[in-house]
Amino acid sequence: MPADRLELLSHEIRPKYLQLAIDQGVRKGGYQSVVELPELSAVLHCRGYWNGIHKLVFRNVSHLGYTYCKNVAAEIFGQLANPTISRVDWCVDLDIPLLDLALYCRLGRVQNCRTDRSRTGPTFYPSFSTTRTVLLYNKLRELESKHDPILKS
């Protein structure tokens with residue numbers, strides 16, 4: 001089961017990357033500066049408006065590996081920083097429709113669940129809270145709705 005996306009949060013960041021984000025970044029999504037780092041396969045979000053936290057988002061984590069992600073996080077946040085994992089997306093190929101799976105998917109000690117339908121396809125949240133959210137969605141349908149060029153190959 002490959003990981004598709006990984007998000008790390010940290011209060012600390014190396015000055016070199018903070019300056020890069022300030023110089024080249026754009027204001028976006030609740031962060032003062034957001035900059036693509038294509039050579040590192042990551043996106044850096046600096047200085048959140050509400051809490052000042054920095055976020056590092058890795059894409060296609062399954063192709064990068066644990067050691068690479070750990071080294072990049074240490075390079076950006078510093079060796080002594082202890083980043084927090086805020087989000088992990090897992091990619092699973094199933095032969096059944098998502099909402100059929102949602103009927104049988106239950107998590108222990110969960111009181112809130114939710115189903116959303118949108119243009120990008122249905123999303124099912126077997127656990128929905130401020131501390132832990134688990135969601136299932138159809139990635140292929142999402143890519144089709146956004147006309148992603150990866151589907152043309």
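Preceding this paragraph is the structure being described.
A few points on the structure.

Cut-offs used in this document
Residues numbered from 1 in each chain as written. Predicted model: local features only at pLDDT ≥ 70, side-chain atom pairs only at ≥ 80, totals over all residues. Heavy atoms only, no water. Core = buried A, V, L, I, M, F, W, Y, C linked by side-chain atoms within 4.5 Å. Buried < 20%, exposed > 50% of the residue type's maximum accessible area, 1.4 Å probe, protein only. Helix = DSSP H or I, 4+ residues; strand = E, 2+ residues; numbered from the N terminus. Contact = heavy atoms within 4.5 Å. Salt bridge = Lys/Arg side-chain N within 4 Å of Asp/Glu carboxyl O. Patch = residues over 30% accessible without salt bridge, like charges linked within 9 Å, V, L, I, M, F, W, Y side chains within 5 Å. Areas by Shrake-Rupley, 256 points an atom, 1.4 Å probe, with all protein chains shown as cover.

In this section: the nonpolar core. Of all hydrophobic cores here, the largest spans 22 residues; its most connected members are I13, L44, L56, F58, I76 and F77. Secondary structure elements with two or more residues in this core: β1 (3–10), α1 (15–24), β3 (31–37), β4 (42–48), β5 (54–59) and α3 (66–77). When residues of this core are assigned to their parent elements, the largest contribution, 5 residues, is made by α3. Ignoring any residue separated from it by four or fewer positions in sequence, one finds F77 in contact with L8, S10, E12, I13, R14, H54, L56 and P83.

So, on to unusual backbone geometry. Unusually for a residue other than glycine, S41 sits at a positive phi of about 55 degrees. For S41, the location among the structural elements is in the loop between β3 and β4. A positive phi angle, close to 50 degrees, is found at N60, a residue other than glycine. Mapped onto the elements of the fold, N60 is located in the loop between β5 and α2 (61–64).

The topology assignment puts I96 in the loop between β6 (84–90) and α4 (98–104). Sequence spacing of I96 and A42 is 54 residues, and the spatial spacing of their C-alpha atoms is 32 Å.

Right, let's get into the pattern of salt bridges. Within the structure shown, the criterion is met by 9 salt bridges. Ionic pairing is found between E7 and R5, a salt bridge with its closest N-O pair at 2.5 Å. We classify E7 as buried; its relative accessible area is 7%. Assessed through its relative accessible area of 26%, R5 is described here as partly exposed. We note a salt bridge from K139 to E142, for which the minimum N-O separation is 3.5 Å. Here the residue K139 and the residue E142 both occupy positions in helix α5 (residues 139–145), the gap between them amounting to 3 residues, near one helical turn. A single salt-bridge network, built from bridges that share partners, covers D4, K139, E142 and K146.

Looking now at a nonpolar patch on the surface. The grouping of I85, V88, W90, V92, L94 and I96 at the surface amounts to a nonpolar patch, some 580 Å² of accessible area in total. Counting through the fold element by element, W90 comes out in strand β6.

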